[in-house]
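Each chain is listed here by its residues.
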Amino acid sequence: MTALAKTAELTEAERTRILAKSALFNPPSLVLPDGRRDLVGLSRAELAAEMAAIGEAPFRVKQLWHWIYHQGVVDFTRMSSIARPLQAKLAERFVIGRPSVATVQTSVDDTRKWLFQFRDGQQAETVYIPDPELDRGALCISSQVGCTLSCTFCHTGTQKLVRNLGTPEIVGQFMAARDAYGEWPSPKGETPRLLSTIVLMGMGEPLYNYENVAAAMKIVMDNEGIALSRRRITLSTSGVVPMMDRCGEELGVNLAVSLHAVRDDLRDEIVPLNRKYPIAELMAACRRYPGASNARRITFEYVMLRGINDSEADAHELVRLIRGLPAKVNLIPFNPWPGSSYEPSTGNALHRFARIVMDAGFASPIRTPRGQDILAACGQLKTESERKGRGRAGGNVPFPPDPPSRL
Ligand code: SAH
Ligand code: SF4
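Residues numbered from 1 in each chain as written. Chains lettered and ligands numbered in written order. Predicted model: local features only at pLDDT ≥ 70, side-chain atom pairs only at ≥ 80, totals over all residues. Heavy atoms only, no water.

A.B. asks: Outline the packing of helix 7 (residues 241-250) against helix 9 (residues 279-288), listing residues and values.
C.D. replies: Look at helix 7 against helix 9: their axes get within 9 Å of each other, and the N-to-C directions meet at 5°. Between helix 7 and helix 9, the angle falls in the class roughly parallel. Contacts between helix 7 and helix 9 involve V241, M244 and D245 from the former and E281, L282, A285, C286 and R288 from the latter. A per-class count over the contact of helix 7 with helix 9 returns five nonpolar, no polar and three charged. (Axes fitted to C-alpha atoms, helices over the stretch in contact; angles between N-to-C directions. Helix = DSSP H or I, 4+ residues; strand = E, 2+ residues; numbered from the N terminus. Parallel < 35°, antiparallel > 145°, perpendicular 65-115°, else oblique. Contact = heavy atoms within 4.5 Å. Nonpolar A, V, L, I, M, F, W, Y, C, P; charged D, E, K, R; others polar.)

Structure, rendered in structure tokens:
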């Protein structure tokens, strides 16, 4: 076997392992205690199977899809193209669910944060970040309750992984936010309105919950429903290298990579996943990422920690790492949270760093923190949800399970 084939085989094995472990943390079943099933989150094929099971024709899928994802209705009686008796039959067997809103807070800068609660009582946060100049904004969606990857500067990282969010819970965050802003029906062929982009940058590591995230993104991208273009979706990863290729090939969404350090010794410490997938492997995966181009650049996120990763030498090394890549660098001033031990870089350090990256030809905007007063800024999200003992959803199974060989 050639070296290349061997690497491909190893990557495939690693992907299989990641997906198998991820499944241990899947959410509870879609069936409600009264036996009804939530239709949100089902693919077209799954919806067709549900219809077949109750003796209904395949064309019902198209109708239901339109009402659920284009019109945004949650009540079968509003589906005017479906006759009353069938509306009643559907309502007996199914629901069109939404996560419930536990709390909602609006910041002085209009950023809004929801604490959504799901059927089993678990909670996750979603943040709407309006664009201050344009009449639109981005919705920052969570993919897991908690996170396994204790990055030292991140509030979510202090909360153990409780479980993955399911497909309906991921799509449901977007749909519930649309409900709140009265944004149904989905615009057809026009520019989306307030909720015009999705960033998978909330709680959790989306590539450790790939199946649910991918199914959810396929639903929001479906042209007959929410119809958000893949160009309006950005997935942020701390660097789960084996899943990056799959994400690019299958979803083609924009990629953001949480780099934060340019030397393995420092990244090993602040982004511990680096011990498993070090910088060289991460950068190679970025170079392979399908669809990256000057029009669709890879975003490197870099949280600026005073005296830790913000020197001029760091900036020069960053430029060396990304040279030749269609890339931009988001410099994120560290957002403090209760109990955090880092300090944000000084304004001088930030501007010096940005200048070096810019002079090398890369855009390097300094991100203004949004929603800090309501703990809604990058890395400030955390819920009270806790993993309860052993049991469903994997109990105390550690994730990822085996310490990486390089540790
Ligand atoms: N787990 C994924 C996506 C969620 S985190 C990831 O790490 O990419 C979203 C972004 O916020 C990441 O770039 C993360 O590193 C950054 N972040 C985390 N804590 C932060 C903090 N305290 N201040 C500023 N940015 C932070
Ligand atoms: Fe998890 Fe991302 Fe926070 Fe790291 S930065 S702990 S990967 S949510």
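A.B. asks: Mind laying out the environment of Q144, listing which residues take part and the relevant values?
C.D. replies: Structurally, the position occupied by Q144 is in strand 7 (residues 144-145). Overall, Q144 belongs to the buried group, its relative accessible area being 0%. With 64 residues separating them in the primary sequence, Q144 and Y208 have C-alpha atoms 8.7 Å apart. With residues near it in sequence (within four places) discarded, Q144 still touches L161, R163, N164, L165, M203, G204, E205, Y208 and N209. A polar contact of 2.9 Å, which involves the side chain of Q144, links it to the backbone nitrogen of E205. (Buried < 20%, exposed > 50% of the residue type's maximum accessible area, 1.4 Å probe, protein only. Polar contact = N/O pair within 3.5 Å; in protein donor to acceptor, adjacent residues only side chain to side chain.)

A.B. asks: Could you give me a rundown of the side chain of N254, with the residues and numbers involved?
C.D. replies: Tracing the backbone through its elements, the reader meets N254 in strand 11 (residues 254-258). Overall, the relative accessible area of 14% leaves N254 in the buried class. Within the local environment of N254, its side chain forms a polar contact with the backbone oxygen of R231, the two atoms lying 2.9 Å apart. Leaving out residues up to four positions away in the same chain, N254 has contacts with R230, R231, R232, I233, T234, L235 and R296.

A.B. asks: Break down the site of ligand 2 for me, with residues and values.
C.D. replies: Around ligand 2 lies a shell formed by C147, L149, C151, C154, G157, G204 and S238. Here the shell around ligand 2 is composed, by residue class, of four nonpolar, three polar and no charged. (Near = heavy atom within 4 Å.)

A.B. asks: Hey, could you go over the pattern of salt bridges for me, with residue numbers and the actual values?
C.D. replies: For the structure on display, the rule yields 28 salt bridges. Here R17 makes a salt bridge to E14, at a shortest N to O gap of 3.6 Å. Of this pair, R17 and E14 both sit in helix 1 (residues 3-23), separated by three residues, roughly a single helical turn. The partner of E317 in a salt bridge is R320, and the shortest N-O contact between them spans 2.8 Å. You can see E317 and its partner R320 sitting in helix 10 (residues 312-322), three residues apart, about one turn around the helix. One continuous salt-bridge network, built from bridges that share partners, spans R44, K62, D222 and E224. (Salt bridge = Lys/Arg side-chain N within 4 Å of Asp/Glu carboxyl O.)

A.B. asks: Describe in detail the sheet that holds strand 5 (residues 123-130), supporting the description with residues and values.
C.D. replies: If you walk across this open sheet you meet the nine strands as 3-4-5-6-9-10-11-12-13, and the pairing is mixed. The open sheet has two edge strands, strand 3 (100-106) and strand 13 (327-333), and neither has a second partner. Averaged over neighbouring strand pairs, the angle between their axes works out to 20° when direction is ignored. Pairing geometry for strand 3 and strand 4 (residues 112-117), over six bridges, is antiparallel. Bridging from a neighbouring strand, V104 pairs with W114 of strand 4. Of the strands in this sheet, strand 4, strand 5, strand 6 (137-140) and strand 9 (195-200) touch helix 5 (residues 167-181), which is tilted by about 125° from strand 4. (Pairing = 2+ DSSP bridges.)

A.B. asks: So, the pairing of strand 4: which residues are in play, and what are the values?
C.D. replies: Counted along the chain from strand 3 to the antiparallel partner strand 4, the turn is five residues long, and its residue D110 has a positive phi close to 75°. Here strand 4 pairs with strand 5 via six bridges, running antiparallel. Residue Q117 lies in a different strand from strand 5, and its bridge partner there is Q123. The turn joining strand 4 and strand 5, which pair antiparallel and follow one another in sequence, is formed by five residues; a positive phi near 90° is taken by G121.

A.B. asks: An account of the confidence of the model for the chain is requested, with residue identities and associated values reported.
C.D. replies: Any region with low pLDDT has predicted coordinates that should not be read closely. On average, residues of the chain carry a pLDDT of 90, and 94% of them reach 70 or more. Low confidence marks residues 389-407, where pLDDT is under 50. Its contacts with residues over four positions away, or in another chain, come to 37 contacts. (pLDDT = per-residue confidence, 0-100.)

A.B. asks: I'd like a rundown of empty space enclosed by the protein, residues and numbers included.
C.D. replies: For the coordinates displayed, the defined rule picks out one cavity of 30 Å³ or more. In this structure, the largest cavity occupies an estimated 40 Å³ of space. Residue lining of the largest cavity: V253, N254, L255, Y289, G291, A292, R296, R297 and I298, and that is the complete set. When the residues that make up the lining of the largest cavity are grouped by side-chain class, the tally is five nonpolar, two polar and two charged. (1 Å grid on protein atoms, 1.4 Å probe; cavity = no way out; pocket = protein on both sides within 12 Å on 5 of 7 lines; lining within 4 Å. Points joined across faces, edges and corners; volume = space filled by probe spheres on them.)

A.B. asks: Run through the packing of aromatic side chains, naming residues and quoting values.
C.D. replies: A full pass over the atoms with the stated rule returns six aromatic pairs. Between W114 and F116 the ring centres are 5.9 Å apart and the planes differ by 10°, which places this aromatic pair in the stacked class. You can call W114 buried: its relative accessible area is 3%. What makes F116 buried here is its relative accessible area of 0%. Between Y302 and F353 the ring centres are 5.0 Å apart and the planes differ by 35°, which places this aromatic pair in the tilted class. Taken together, the residues Y302 in strand 12 (residues 298-304) and F353 in helix 11 (residues 347-359) connect sequence positions 51 residues apart. We note that Y302, like F353, is buried. Each residue in the set W114, F116, Y128 and Y181 is aromatic and connected to the rest through ring pairs, giving one cluster. For R44, the ring lying beneath its charged end belongs to W65, and the centroid distance is 4.7 Å. (Phe/Tyr/Trp six-rings, centres within 6.5 Å; stacked < 30°, edge-to-face > 60°. Lys NZ or Arg CZ within 6 Å of the ring centre and 35° of its normal.)

A.B. asks: Break down the environment of R263 for me, with residues and values.
C.D. replies: Turning to its location among the elements, R263 is positioned in the loop between strand 11 and helix 8 (264-270). A sequence separation of 15 residues divides R263 from P278, and the C-alpha atoms of the two residues are 9.2 Å apart. Setting aside residues no more than four positions away along its own chain, R263 makes contact with I279 and D314.

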